[in-house]
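# Summary of structural features
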Amino acid sequence: MKARSTVLVIAVLVLLGGSLGYVLHARQRDGGQQLVAAESSFTLNEPGVYYRDSATGRVARSQGAPDGPSCARFYAAGDHALCLRALPGVPARTQAVVYDRRFTELQTVTVPGVPNRARVSASGQLLSWTTFAVGDSYAASGFSTRTSILDLRTGYLVKSIESIPLTIGDTRHHAADVNYWGVNFAADDNRFYATVSTGGQTHLVEGDLRAWSARTLRENVECPSLSPDGTRIAFKKKVSADPAAPWRLHVLELAGLREHPLAESRSVDDQAAWLDGDTLGYALPGRDGKGTDVWTVPADGSGAPRLLVPGASSPVAVPASPVALPASPVALPTVPG
């Protein structure tokens, strides 16, 4: 059985490459995470860059001790933090855990698949996560994504946003191979941006939660990250057919849809995070061949990459106080699954 599992993992790595192969390999190696709670002294009340410590799997702050909870992916904004954990066993399952600023556990949702992406709206009231799932017959490899949205004000959970009506160009698009990932919320807690994949192409989509609709803006955009001022999107763009180095980080101006590459020339398989209005943080494979390191690069295309935290991933900048809530909360529509 162990030999068959090894063969399966190798086959997945060859077929898929990139992040899915890496995540599945790590899951087979680690067999799920040890679930560790945050120390009582660890809170979101101290401003700084929070990240996942690769050695322990726990969250740390500004190169301090990793005294936060254990997570595979982490993000925080407003009054809430989101932690994705890989649960042991087969089939693969992910536990999405919502915390308040003192890391008191507020809600836990268990979904199928392997942890991949996590985001929280600036207000802290909307959360989204993406997992790699298995078993979809339309996927030649047997793998696809599942992206969920949770509204903390109403408690409503959309388990999969695949049902959202999608418009590509001027045409409503219906296909069994539609997959979404990397949701980012605008400041109004209604508009969102994400990647959608269908027909072998990736697109940047702009979504409207109230209207429950999504439309594509342009092709070849993966893992979008909306700037604090809401005017730019950082993303990874496929620039090469080389499966070992297919992507390069770019920034897109939403007004006019003009883009420019960043000074980071290495292939980044991550959803970059805006650490401030001028700087992006992201993870790259560790220089010691183990885990990942967090790097930064200017968002305007100037400068050079800089190592921020060795042995880390999932960087997020947490301010001293949360932003004000939008004037009127969004009521997510009732949708299937």
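Given the structure is predicted, the values throughout are model-derived calculations rather than measurements.

### What to know about the overall build of the chain
Each helix and strand counted, the chain has two helices and 25 strands in total. Expressed as a percentage of its 337 residues, the buried residues of the chain come to 51%. Restricting the contact set of the chain to residue pairs at least 6 apart, pairs at least 24 apart contribute 44%. Carbon and sulfur atoms provide 53% of the accessible area of the chain, an area that totals close to 14700 Å².

### Observations concerning the state of the cysteines
For the coordinates displayed, the defined rule picks out one disulfide. Residue pairing for Cys-71: its cysteine sulfur links by disulfide to Cys-83, the two sulfurs lying 2.1 Å apart. In this structure the cystine formed by Cys-71 and Cys-83 twists about its S-S bond by roughly -125°; its chirality is therefore left-handed. On the criterion of sequence distance, the pair formed by Cys-71 in the loop between β2 (59-61) and β3 (73-77) and Cys-83 in strand β4 (residues 80-87) is long-range, its members being twelve residues apart. In this pair, the class of Cys-71 matches that of Cys-83, namely buried.

### So, the pattern of salt bridges
By the definition in use, this model includes 13 salt bridges. Asp-229 is the salt-bridge partner of Arg-232, the closest N and O atoms lying 3.4 Å from each other. Through salt bridges with shared partners, a single network forms among Arg-117, Lys-236, Asp-269 and Asp-270.

### Topic: the pairing of strand β13 (residues 179-185)
Summarising burial for β13: seven of the seven residues are buried, a large majority. Pairing between β13 and strand β14 (residues 191-198): five bridges, direction antiparallel. Residue pairing in the sheet places Tyr-180 in a bridge with Val-196 of β14. A loop of five residues connects β13 with β14, the two strands running antiparallel in sequence, and Asp-189 in this loop sits at a positive phi of about 55°.

### Topic: the nonpolar core
One finds Leu-44, Tyr-50, Phe-74, Ala-81, Leu-82, Phe-103 and Trp-129 to be the most contacted residues of the largest nonpolar core, which totals 27 residues. Secondary structure elements with two or more residues in this core: β3, β4, β5 (93-99), β6 (105-112), β7 (114-120), β8 (126-134) and β25 (312-318). If we ignore the near neighbours within four places in the chain, the residues touching Phe-74 are Tyr-50, Val-59, Ala-81, Leu-82, Phe-103, Ser-314 and Val-316.

### Side note on the sheet that holds β5
With respect to topology, four strands assemble into an open sheet ordered β3-β4-β5-β6, the strand pairing being antiparallel. Looking at which strands have only one partner, the edges of the open sheet turn out to be β3 and β6. Going across the sheet, the axis of each strand differs from the next one's by a mean of 15°, ignoring polarity. Here β5 pairs with β6 via seven bridges, running antiparallel.

### Re the sheet that holds strand β23 (residues 292-298)
Reading across from one edge, β21-β22-β23-β24 is the order of the four strands in this open sheet, with antiparallel pairing throughout. Each edge of the open sheet is held by one strand with a lone partner, namely β21 (273-276) and β24 (306-309). Between one strand axis and the next, the sheet turns through 45° on average, direction left out of account. Pairing geometry for strand β22 (residues 279-285) and β23, over seven bridges, is antiparallel. Looking at β23, one finds that Pro-285 is bridged to Thr-292.

### With respect to the environment of Leu-226
Mapped onto the secondary structure, Leu-226 falls in strand β17 (residues 222-226). Sequence separation of Leu-226 and Trp-274 is 48 residues, and the distance between their C-alpha atoms is 7.7 Å.

### Description of the side chain of Thr-43
Within the fold, Thr-43 resides in the loop between α2 (18-30) and β1 (48-53). What Thr-43 contacts, discounting residues up to four positions off in sequence, is Tyr-50, Arg-61, Arg-101, Arg-102 and Phe-103.

### Some words on the environment of Leu-35
Relative to the assigned elements, Leu-35 resides in the loop between α2 and β1. The class for Leu-35 is partly exposed, based on a relative accessible area of 43%. The sequence separation of Leu-35 and Arg-85 amounts to 50 residues, and the corresponding C-alpha distance is 7.9 Å. Once you skip the residues sitting within four places of it in the chain, Leu-35 turns out to touch Ser-70, Arg-85, Leu-87 and Gln-95.

What counts as what
Residues numbered from 1 in each chain as written. Predicted model: local features only at pLDDT ≥ 70, side-chain atom pairs only at ≥ 80, totals over all residues. Heavy atoms only, no water. Helix = DSSP H or I, 4+ residues; strand = E, 2+ residues; numbered from the N terminus. Buried < 20%, exposed > 50% of the residue type's maximum accessible area, 1.4 Å probe, protein only. Contact = heavy atoms within 4.5 Å. Areas by Shrake-Rupley, 256 points an atom, 1.4 Å probe, with all protein chains shown as cover. Disulfide = S-S within 2.5 Å. Salt bridge = Lys/Arg side-chain N within 4 Å of Asp/Glu carboxyl O. Pairing = 2+ DSSP bridges. Core = buried A, V, L, I, M, F, W, Y, C linked by side-chain atoms within 4.5 Å. Axes fitted to C-alpha atoms, helices over the stretch in contact; angles between N-to-C directions.

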